[in-house]
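Report on the structure
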Amino acid sequence: MEGFVEFTNRSQGRDRLFRAIQYTCMLLSYFIEHKADKEKLVMKLKQLESSMSSGRKMFRLGNMVHALVAARRTTQLPDVVPRFCLTASNLTRALYFVCDAVLWLKSVGLQPDVDKPKWRNWATKCYYFSLLMNLARDWYEISWRLEQAVQEKKIKQNSSWETHNQELNCEKCDDLHGFFLLLFQILKRHPPLLLDLVKNLCDLSGPLDTLGIYKTNAGVIGFCGILSSLVGILTLASPHLKLQQ
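1. Remarks on the overall build of the protein
Assigned secondary structure in the protein consists of 10 helices and 0 strands. Going from the N terminus to the C terminus, the protein shows its helices and strands as α-α-α-α-α-α-α-α-α-α. Of the accessible surface of the protein, which amounts to about 15,000 Å², a share of 61% is contributed by carbon and sulfur atoms.

Set out below in structure tokens:
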């Protein structure tokens, strides 16, 4: 109970919970919206979804500063690829929070003249680019570990040294099956990298649909949003599972 109280006392914790509820409402309303006797329930679910979305916008009002601080910190990374990807991701995320704040001002009536579709489109593009940079960083980390694993295996083969508990046991790393087997082993050995990859891939479903790049439906977006939210809750509650910047 104390852990839950501590979790919900943080703005990020409340945002994760609100996000999970928001996408759960989206998924449930998608499944029951075509049933004749569920109109009122669908309306309530959509109202709750909208309320959760508005609440999250309020929680994120100060996140632009956090993103800028994170961008300044990532400029000090020694490796050029993570430095570029994470800095670009944090900067575009800061722009996303600016657009998000403008949309919140529109929703509460403080700025009624705001062009909502235009600002929403800008926010989605910033969020989309930020996710692409995060995925590029994930792929760099995976590629680096794959290369290390292959080199390690070659050294073991050349020295004719084998162990009974050898972790990298694929027979060939140059074919497709061997590649996916090695990739599976790498992700299994590095849970933070796996969780970050899953979260970023799930988060892509929303902007891909909004920008018309790959149209899906509310069911897919809701499911991906729930999965991403659960990963976010897990990494926030257990910091050792979060991929370090």
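Text resumes after the structure shown.
2. Remarks on the nonpolar core
In this structure, Tyr96, Ile142, Leu187 and Leu204 are the most contacted members of the largest nonpolar core, which totals 24 residues. Only α5 (80–107), α6 (116–158), α7 (176–189) and α8 (191–203) provide two or more residues apiece to this core. Looking at this core, the element that brings in the most residues is α6, giving 9 residues. Not counting residues up to four positions away in its chain, the partners in contact with Ile142 are Leu183, Leu187, Leu193 and Leu197. One finds Tyr23, Leu27, Ile221 and Ile226 within the second-largest nonpolar core, a separate group that totals 5 residues.

3. Some points on the environment of Cys85
In this structure, Cys85 sits in helix α5. For the pair formed by Cys85 and Leu132, sequence separation is 47 residues and the distance between their alpha carbons is 8.8 Å. When near neighbours in sequence (up to four residues on either side) are disregarded, Cys85 contacts Met133, Ala136 and Arg137.

4. Comments concerning a nonpolar patch on the surface
Residues Met64, Val65, Leu68, Val69, Leu91 and Val98 make up a contiguous nonpolar surface patch of roughly 460 Å² in combined accessible area. Where the nonpolar patch is concerned, the elements lending two or more residues are α4 (63–74) and α5. Within the secondary structure layout, Val98 lies in helix α5.

5. With respect to the packing of α4 against α5
Their axes nearest at 8 Å, the elements α4 and α5 cross at an angle of 165°. On the basis of the axis angle, α4 is roughly antiparallel to α5. Crossing angle aside, the handedness with which α4 passes α5 is left-handed. In contact with Asn63, Met64, Ala67, Leu68, Ala70, Ala71 and Thr74 of α4, α5 contributes Arg83, Leu86, Thr87, Asn90, Leu91, Arg93, Ala94, Phe97 and Val98.

6. So, the pattern of salt bridges
Scanning all chains against the criterion turns up 11 salt bridges. Taking the shortest distance from any N to any O, the salt bridge between Asp203 and Arg19 comes out at 2.8 Å. Of this pair, Asp203 sits in helix α8 while Arg19 sits in helix α2 (residues 11–32), and the two are 184 residues apart along the sequence. Per residue, the accessibility class of Asp203 equals that of Arg19, and both read buried.

7. Structural notes on the packing of aromatic side chains
Going through the model one piece at a time under the given rule, you end up with 4 aromatic pairs. Consider the rings of Tyr30 and Phe31, whose centres lie 5.7 Å apart with planes at 65°: the pair is edge-to-face. Overall, the relative accessible area of 29% leaves Tyr30 in the partly exposed class. Following the ring pairs from residue to residue traces out a cluster consisting of Tyr96, Phe97 and Tyr127.

8. A few points about α5
Side chains three or four residues apart in an α-helix point the same way, a direct result of the helix having 3.6 residues per turn. For α5, spanning 28 residues, the distance from its first C-alpha to its last is 40 Å, which sits close to the expected 40 Å at 1.5 Å a residue. Positive backbone phi, at 85°, marks Gly109, one or two positions downstream of α5.

Cut-off values and rules
- Residues numbered from 1 in each chain as written.
- Predicted model: local features only at pLDDT ≥ 70, side-chain atom pairs only at ≥ 80, totals over all residues.
- Heavy atoms only, no water.
- Helix = DSSP H or I, 4+ residues; strand = E, 2+ residues; numbered from the N terminus.
- Areas by Shrake-Rupley, 256 points an atom, 1.4 Å probe, with all protein chains shown as cover.
- Core = buried A, V, L, I, M, F, W, Y, C linked by side-chain atoms within 4.5 Å.
- Buried < 20%, exposed > 50% of the residue type's maximum accessible area, 1.4 Å probe, protein only.
- Contact = heavy atoms within 4.5 Å.
- Patch = residues over 30% accessible without salt bridge, like charges linked within 9 Å, V, L, I, M, F, W, Y side chains within 5 Å.
- Salt bridge = Lys/Arg side-chain N within 4 Å of Asp/Glu carboxyl O.
- Axes fitted to C-alpha atoms, helices over the stretch in contact; angles between N-to-C directions.
- Parallel < 35°, antiparallel > 145°, perpendicular 65-115°, else oblique.
- Left-handed = near helix turned anticlockwise from the far one by under 90°.
- Phe/Tyr/Trp six-rings, centres within 6.5 Å; stacked < 30°, edge-to-face > 60°.
- Expected span 1.5 Å × (residues − 1).

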